[in-house]
Amino acid sequence: MEPGLATAPQPWRDKCPWGSSPSPITPCSLSDVMSEELVKELQQQEASATFPHTIGIDTADLIREGAETSSDLLLAQMLQMEFDREYDAQLRREESKLNGDSKVSISFENYRMVHPFEESGSSEDEVDWQDTQLDPYKLDKPSANPKRGFAGKGKEITTKHDEEACGRRNTARMENFGPEFQVGDGIGMDLKLSNRVFNELKQHSYSERRRSAKIHEKKEHSTSDQAIDSRTRLLLYKMVNSGVLDNINGCISAGKESVVFHASGGSLADKIVPAECAVKVFKTTLNEFKNRDKYIKDDYRFRDRFSKLNPRKIIRMWAEKEMHNLTRMHQVGIPCPEVVLLKKHILVMSFIGQDHVAAPKLKDVQLSNEDMQRAYHQVVHMMQQLYTECNLVHADLSAYNMLWHMGKIWFIDVSQSVEPTHPHGLQFLFRDCKNVSQFFQKMGVADAVGERELFNAVSNLAITEENEVDFLVEIEALQKINEDHVQKCGKQSKLKTDEDPENY
Ligand code: ADP
Ligand code: MG
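Described in the following lines is the structure provided in the data block. Note that the coordinates shown come from a computational prediction; the quantities given were computed from them, not determined experimentally. (Residues numbered from 1 in each chain as written. Chains lettered and ligands numbered in written order. Predicted model: local features only at pLDDT ≥ 70, side-chain atom pairs only at ≥ 80, totals over all residues. Heavy atoms only, no water.)

Of the regular secondary structure elements, the protein chain holds 15 helices and 11 strands. A burial count over the protein chain gives 40% of its 504 residues as buried. Carbon and sulfur atoms form 52% of the exposed surface of the protein chain, whose accessible area is close to 29,200 Å². (Helix = DSSP H or I, 4+ residues; strand = E, 2+ residues; numbered from the N terminus. Buried < 20%, exposed > 50% of the residue type's maximum accessible area, 1.4 Å probe, protein only. Areas by Shrake-Rupley, 256 points an atom, 1.4 Å probe, with all protein chains shown as cover.)

Set out below in structure tokens:
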């Protein structure tokens, strides 16, 4: 969450991007609608079922005890409490981030959801459980602290520094340490903690909390596995709030480098947003992308920018690269997703599939012999179009990145696609050809030619070498000539990026 958001109204609370479950509509007659008795009855029902905004202390106590309950309302209250606590914790982090070491600080106290009394870790004030009616252990606790001050003639004056009172108070204050710090329940014990021991425990609880906050923060800043980080969530919320998307419905795929969601399209001023969209979130955990540097740092379209960028921006460049490549492909009519919007590391495109069901990958689909044959010829044609008309090599073409939809093949996943003049462009093309040839030959397509023949057919080169090793040597030599040529032409041949992702 960004700092300003803590104080801003929270529209996402009203408009949930994950969609709300539709409530069943019970048909009723007009006379029912007009009936006063029914109105009263409904009002009563509503009043008794109103979801409480704040959680009663009983619930808080139940949570502390870990009590089980079969009541849906209580469960909901407990969940709400957990949610509110998380919200408050985030608020606290924002507060300290904003204030830093500054002497003048801004407090977010008023925006907290959980009442300080219920918030075990939030208050440094004394909580004299001995004095509260609400403590569930009250009956089992030892006698209350004596009242402070002058108790009457002949009796001693009790100050707040009284050793016994102080010791008991310290024991009670341990409850403020936070739920992760186990302090025991102290039932039946008249525990008195000295100030020194209490202070040491307090210090320890603080450092523990800082340590776990750090771990949590690390997790929050990476889009690991299926989860997405808070920045990504915010960008997605913004897309829903601005109306580009109506809903983000669920995850289609969670790979090593990206997570893909299905979304219902909304509207954009100057562009038609398809009714079904795929939202590809490039993961901001950088490890996987390190292995892919070669695809981008040698791509002259991105080379200059690559060296100057920090890793987070490089991830955005992957998304940008996919956008440009898809746009080129779409322009020449290669079946592929159509770009809707790029926002930092999130690419919104048309959904290949129907009714929330993504089209199957070629490797998973059962095709008749004729369809498989047709698919093969289509793939060869698409590879040729990609090479000659788009000036691109897919560079990760396999049955995993081809979808079968509406009786034809669709290419996806082109973030790593490069131009043939890339220093490894022809090698990538050879690998693509090998994957395609081997797959279709295995599927029994009689027309499927070997990878060397396919390579020549796609690239219009006429490499004649009889074996793979020599073939690859020849490819390398050609690449070298290409590279020298590009270097000579320099920036003249460099493509201009027609769309700047930052402008969206
Ligand atoms: P990765 O780099 O993680 O392999 P892909 O672009 O291949 O990313 O997407 C992963 C999976 O998500 C695909 O195999 C496909 O099932 C699904 N997918 C991606 N884009 C779309 C789309 N536009 N429409 C439908 N499904 C898609
Ligand atoms: Mg893929």
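And the narrative resumes.
Before going further, it helps to spend a moment on the site of ligand 1. The full set close to ligand 1 counts 16 residues, and Ser258, Lys280, Ile352, Lys361 and Asp413 are the nearest of them. Ser258 places a polar side-chain atom, nitrogen or oxygen, 2.7 Å from an oxygen atom of ligand 1. Within the side chain of Asp413, one N or O atom sits 3.0 Å away from an oxygen atom of ligand 1. Calculation on ligand 1 without its partners gives an accessible area of 540 Å², and the protein chains cover 91% of this total. For the shell around ligand 1, the elements supplying multiple residues, two or more each, are strand 4 (258-265), strand 5 (276-282) and strand 7 (346-350). Taken together, the residues that form the shell around ligand 1 break down as eight nonpolar, four polar and four charged. (Near = heavy atom within 4 Å. Polar contact = N/O pair within 3.5 Å; in protein donor to acceptor, adjacent residues only side chain to side chain. Nonpolar A, V, L, I, M, F, W, Y, C, P; charged D, E, K, R; others polar.)

Around the magnesium ion (ligand 2), the protein supplies Asn401 (OD1) and Asp413 (OD) as donor atoms, at distances of 2.2 to 2.3 Å. Of this pair, Asn401 sits in the loop between helix 12 (369-388) and strand 10 (402-405) while Asp413 sits in the loop between strand 11 (408-411) and helix 13 (425-442), and the two are 12 residues apart along the sequence. Residue Asn401 is classed as buried on the basis of its relative accessible area of 8%. (Donors = N, O, S within 2.8 Å, 3.2 Å for Na, K, Ca; no water.)

Here we take up the pattern of salt bridges. Enumeration over the complete set of coordinates arrives at eight salt bridges. Between Asp371 and Arg374 there is a salt bridge; the shortest N-O distance is 2.6 Å. Taken together, the positions of Asp371 and Arg374, both in helix 12 and three residues apart, correspond to about one turn of that helix. For Asp371, a relative accessible area of 22% corresponds to the partly exposed category. Its relative accessible area of 47% is what places Arg374 among the partly exposed residues. Taken together, the shared-partner salt bridges in this structure form one network comprising Lys280, Glu322 and Asp413. (Salt bridge = Lys/Arg side-chain N within 4 Å of Asp/Glu carboxyl O.)

What follows deals with the sheet that holds strand 3 (residues 245-254). An order of 3-4-5-7-6 is seen for the five strands of this open sheet, with the pairing classed as antiparallel. Because the sheet does not close on itself, it has two edges, and the strands there are strand 3 and strand 6 (339-343). When the angles between neighbouring strand axes are averaged without regard to direction, this sheet yields 25°. Both strand 5 and strand 7 contribute to a ladder of five bridges, which runs antiparallel. (Pairing = 2+ DSSP bridges. Axes fitted to C-alpha atoms, helices over the stretch in contact; angles between N-to-C directions.)

The next subject is the packing of aromatic side chains. Counted by the stated rule, this structure contains five aromatic pairs. Considering the side-chain rings of Phe430 and Phe471, the 5.5 Å spacing of their centres and the 35° angle between planes classify their relative orientation as tilted. With Phe430 in helix 13 and Phe471 in helix 15 (residues 468-489), this pair connects stretches of sequence that are 41 residues apart. Accessibility assignment for this pair places Phe430 and Phe471 in one class, buried. Ring centres of Phe439 and Phe440 lie 5.2 Å apart, and the angle between their planes is 85°; on these two criteria the pair is classed as edge-to-face. Considered together, Phe439 and Phe440 belong to a single accessibility category, that of buried residues. Cluster of aromatic residues (ring-pair linked, three or more members): Tyr376, Phe439 and Phe440. (Phe/Tyr/Trp six-rings, centres within 6.5 Å; stacked < 30°, edge-to-face > 60°.)

A few words on helix 5 (residues 163-173). The buried fraction of helix 5 amounts to nine of the 11 residues, a majority that puts the element mostly inside the structure. All of the buried residues along helix 5 are Ala165, Cys166, Gly167, Arg168, Arg169, Asn170, Thr171, Ala172 and Arg173.

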